[in-house]
Amino acid sequence: MEQLPCRRKEVATTSGRKSRRAVYNPNRHGVVIRSKTWAIRNPLAFGRGRDGRGVSRARFQTESRGGAESSARRSVLIDLPSGSLHQIVSVPRSGSGGVQVLMTLSTPVWIMDFEADGSIFVDQVERPLQVLRFPASGGTPEVIAVSETYPPSFMQPVAFPDGGLLIPALLSGHARLLLGKPNGNFFPLVDTAEEIGPPAALLPDNQVAFIAGTGSDQVIAIASTGDGRIIRRLEGSKGKGINALAPSLDGKTLYYSTDGNVWSIPAADGTPSKICAGDGVAADPNGKDLITNLWESEGMKLFRVPLSGGPRQEIRIPGDVPMNNLPLSGSAIRQDGKVLLGMQSTDPWFYSLAVLDPGSGRIAQVPLNYTGDLLLSGWTNDGRILAFGEPIRARIWRFRPVP
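These figures come from a predicted structure and were not determined experimentally.

### Digging into empty space enclosed by the protein
Now for step 1: Under the counting rule described, the total for this entry stands at three cavities of 30 Å³ or more.
Now for step 2: The computed volume of the largest cavity comes to approximately 140 Å³.
Now for step 3: When its residues are assigned to classes, the lining of the largest cavity shows twelve nonpolar, five polar and no charged.

### A closer look at the packing of aromatic side chains
Now for step 1: Under the definition given, this model contains zero aromatic pairs.
Now for step 2: In this arrangement the basic side chain of Arg312 is found over the ring face of Phe303, its NZ or CZ atom lying 3.8 Å from the centre.
Now for step 3: If you follow Arg334 out to its NZ or CZ, it ends over the ring of Trp379, 4.5 Å from the centre.

### Here we look at the pattern of salt bridges
Now for step 1: By the definition in use, this model includes 15 salt bridges.
Now for step 2: One salt bridge in this structure joins Arg395 and Glu126, with 3.0 Å as the shortest N-O distance. Remark: Glu126 occurs in strand β11 (residues 120-126) and Arg395 occurs in strand β35 (residues 393-401); sequence separation between them is 269 residues.
Now for step 3: Across the salt bridge formed by Asp336 and Arg334, the nearest N and O atoms sit 2.8 Å from each other.
Now for step 4: What makes Asp336 partly exposed here is its relative accessible area of 46%.
Now for step 5: Given the relative accessible area of 22%, Arg334 is considered partly exposed.

### Structural notes on the sheet that holds strand β15 (residues 165-171)
Now for step 1: Strand order across the open sheet formed by four strands is β14-β15-β16-β17, with antiparallel pairing between neighbours. Each edge of the open sheet carries a strand with a single partner, namely β14 (158-159) and β17 (186-188).
Now for step 2: As judged from the three bridges shared by strand β16 (residues 174-180) and β17, these two strands associate in the antiparallel manner. Within β17, the residue paired with Leu178 across the bridge is Pro188.

### Some remarks on unusual backbone geometry
In most cases, non-glycine residues show a negative phi, while peptide bonds are predominantly trans.
Now for step 1: With an omega of 0°, the peptide bond running from Pro198 to Pro199 counts as cis.
Now for step 2: Considering the arrangement of structural elements, one finds Pro199 in strand β18 (residues 196-203).
Now for step 3: One non-glycine residue with positive phi stands out, namely Ser172, at about 55°.
Now for step 4: You can see Ser172 is positioned in the loop between β15 and β16.
Now for step 5: With relative accessibility at 64%, the residue Ser172 sits in the exposed group.
Now for step 6: At Asp259, a residue that is not glycine, the phi angle is positive and equals roughly 55°.

### Considerations on the layout of surface pockets
Now for step 1: Considering only enclosed or pocket space, the second largest pocket measures out at about 1100 Å³ in volume.
Now for step 2: Every residue lining the second largest pocket is counted, 38 residues in all, and those nearest its centre are Ala159, Leu202, Ser331, Trp379 and Asn381.
Now for step 3: Contributing elements (two or more residues each) for the lining of the second largest pocket: β14, β18 and β33 (372-379).
Now for step 4: The element best represented in the lining of the second largest pocket is β18, accounting for four residues.
Now for step 5: Partitioned by chemical class, the residues of the lining of the second largest pocket number 21 nonpolar, twelve polar and five charged.

### Overview of the side chain of Asn261
Now for step 1: Structurally, Asn261 is set in strand β24 (residues 261-266).
Now for step 2: With residues up to four places along the chain from it excluded, the contact list for Asn261 reads Tyr256, Lys274, Cys276, Ala277 and Gly278.

### Things to note about the nonpolar core
Now for step 1: Among the nonpolar cores identified, the biggest contains 33 residues, and Val131, Leu166, Leu177, Ala200 and Phe210 are the most heavily contacted of them.
Now for step 2: Looking at this core element by element, the count peaks at four residues for β15.
Now for step 3: In contact with Leu177, not counting residues within four places along its chain, are Met155, Leu166, Ile167, Pro168, Phe187, Pro188, Leu189, Ile196, Gly197, Pro198, Ala200 and Phe210.
Now for step 4: Residues Phe134, Ile317, Met343 and Tyr370 belong to the second largest nonpolar core, which totals 28 residues.

### Focus: the confidence of the model for the protein chain
Now for step 1: Residues of the protein chain with pLDDT of at least 70 account for 81%, and the chain-wide mean is 82.
Now for step 2: Confidence drops under a pLDDT of 50 for residues 1-65, and excluding neighbours within four residues, the segment shows 173 contacts in the predicted structure.

### Details of the side chain of Asp373
Now for step 1: Mapping Asp373 onto the fold places it in strand β33.
Now for step 2: Accessibility expressed as a relative area gives 0% for Asp373, which makes it buried.
Now for step 3: At 3.0 Å, the side chain of Asp373 forms a polar contact with the side chain of Arg127.

### Structural notes on the sheet that holds strand β30 (residues 339-344)
Through backbone hydrogen bonds, the strands of a sheet pair up, either in parallel or in antiparallel fashion.
Now for step 1: Taken in spatial order, the three strands of this open sheet run β30-β31-β32, and their pairing is antiparallel. For this open sheet the edge positions go to β30 and β32 (362-365), each flanked by a neighbour on one side alone. Between one strand axis and the next, the sheet turns by 35° as a mean value, whatever way the strands run.
Now for step 2: Pairing geometry for strand β31 (residues 351-357) and β32, over four bridges, is antiparallel. Residue pairing in the sheet places Val355 in a bridge with Ala364 of β32.

### Here we look at the environment of Ile291
Now for step 1: By the element assignment, Ile291 lies in strand β27 (residues 289-296).
Now for step 2: Sequence spacing of Ile291 and Gly330 is 39 residues, and the spatial spacing of their C-alpha atoms is 9.1 Å.
Now for step 3: Residue contacts for Ile291: discarding those within four places in its chain leaves Gly280, Val281, Ala282, Asp284, Leu302, Phe303, Arg304, Ile315, Leu328 and Ile333.

Here is what the cut-offs are and how they apply
Residues numbered from 1 in each chain as written. Predicted model: local features only at pLDDT ≥ 70, side-chain atom pairs only at ≥ 80, totals over all residues. Heavy atoms only, no water. 1 Å grid on protein atoms, 1.4 Å probe; cavity = no way out; pocket = protein on both sides within 12 Å on 5 of 7 lines; lining within 4 Å. Points joined across faces, edges and corners; volume = space filled by probe spheres on them. Nonpolar A, V, L, I, M, F, W, Y, C, P; charged D, E, K, R; others polar. Phe/Tyr/Trp six-rings, centres within 6.5 Å; stacked < 30°, edge-to-face > 60°. Lys NZ or Arg CZ within 6 Å of the ring centre and 35° of its normal. Salt bridge = Lys/Arg side-chain N within 4 Å of Asp/Glu carboxyl O. Helix = DSSP H or I, 4+ residues; strand = E, 2+ residues; numbered from the N terminus. Buried < 20%, exposed > 50% of the residue type's maximum accessible area, 1.4 Å probe, protein only. Pairing = 2+ DSSP bridges. Contact = heavy atoms within 4.5 Å. Core = buried A, V, L, I, M, F, W, Y, C linked by side-chain atoms within 4.5 Å. pLDDT = per-residue confidence, 0-100. Polar contact = N/O pair within 3.5 Å; in protein donor to acceptor, adjacent residues only side chain to side chain. Axes fitted to C-alpha atoms, helices over the stretch in contact; angles between N-to-C directions.

Written out as structure tokens, the structure reads:
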């Protein structure tokens, strides 16, 4: 494959709202579309056949992140992730013929379009993952760590007693967890060639539970930060596809969610036990309950689940406060029982945070000076909040063919 030379020129910049996903260049022969599911953040490319009888995945194996129909209307431009880079390739609409690499970029592409002269317009969006620290009263958050590239799984903040932090990252295209201090250098938590990623949870004695492996080999693993090695794997969790992870107060049990249900498993390994329906889970500091959240057709619901057994009880959330669909963080419950919840703000169009007092039913948004999404969050020992945030920086570039 020949990589074509291109010049680029920046023609517009924005640091505000997210771009809407679009349908690209319909014509009488069909349409190429891109869809995005927020929970997994994996846009896909699809193509509709000329007979119009349904939508099928475009005929290539690698997952794509963007698409636009070429000026000749005989091919589709696709952003194919290649490790930490992004190849813009031309794929024949017929599904036959070779794939041509047009250019290689270092930043993800959200939207592409073209001009009759062969120029390609690219909307490049940077969304680094930041660890933010701020008081419950809000204000301007302190950015204490940044991961420029990271796996598409949500992670709750993990803070160690000595001030250390865990952040997810992609190194040469492989998921990793990095350990370091605020505003300092970060290094791999575990020296291994296998995938190591979120979710993760802190256990006693500076041990960390996280997800190791991929697919049917994925398993909860526990590592010691002292020597940087995996000390055991919970075989009872193998192949479960875990979305959220939280420890019990004594660290002897791990709670996790998969396929819309919450389970428990001994931290020493054993047989998992199903507890209830739920997308996220946290242990209440009262030592008697779990707090779970569950996304249903009418929105996000919050529940109190007795550890001794018995029916769960819904914790009412004021109906005028729109909750987002992120899982509850394992460190979202403060010692006084107040809960950190994710909100879907209406202005600006970013995820934000709120503090719910289950006793009184009062909820208050945390006012932050931050242009971006606030993802999973948790309380620190001194009553402040740690949260993962995704700012947004977007630029539109024009790439011209070289004569």
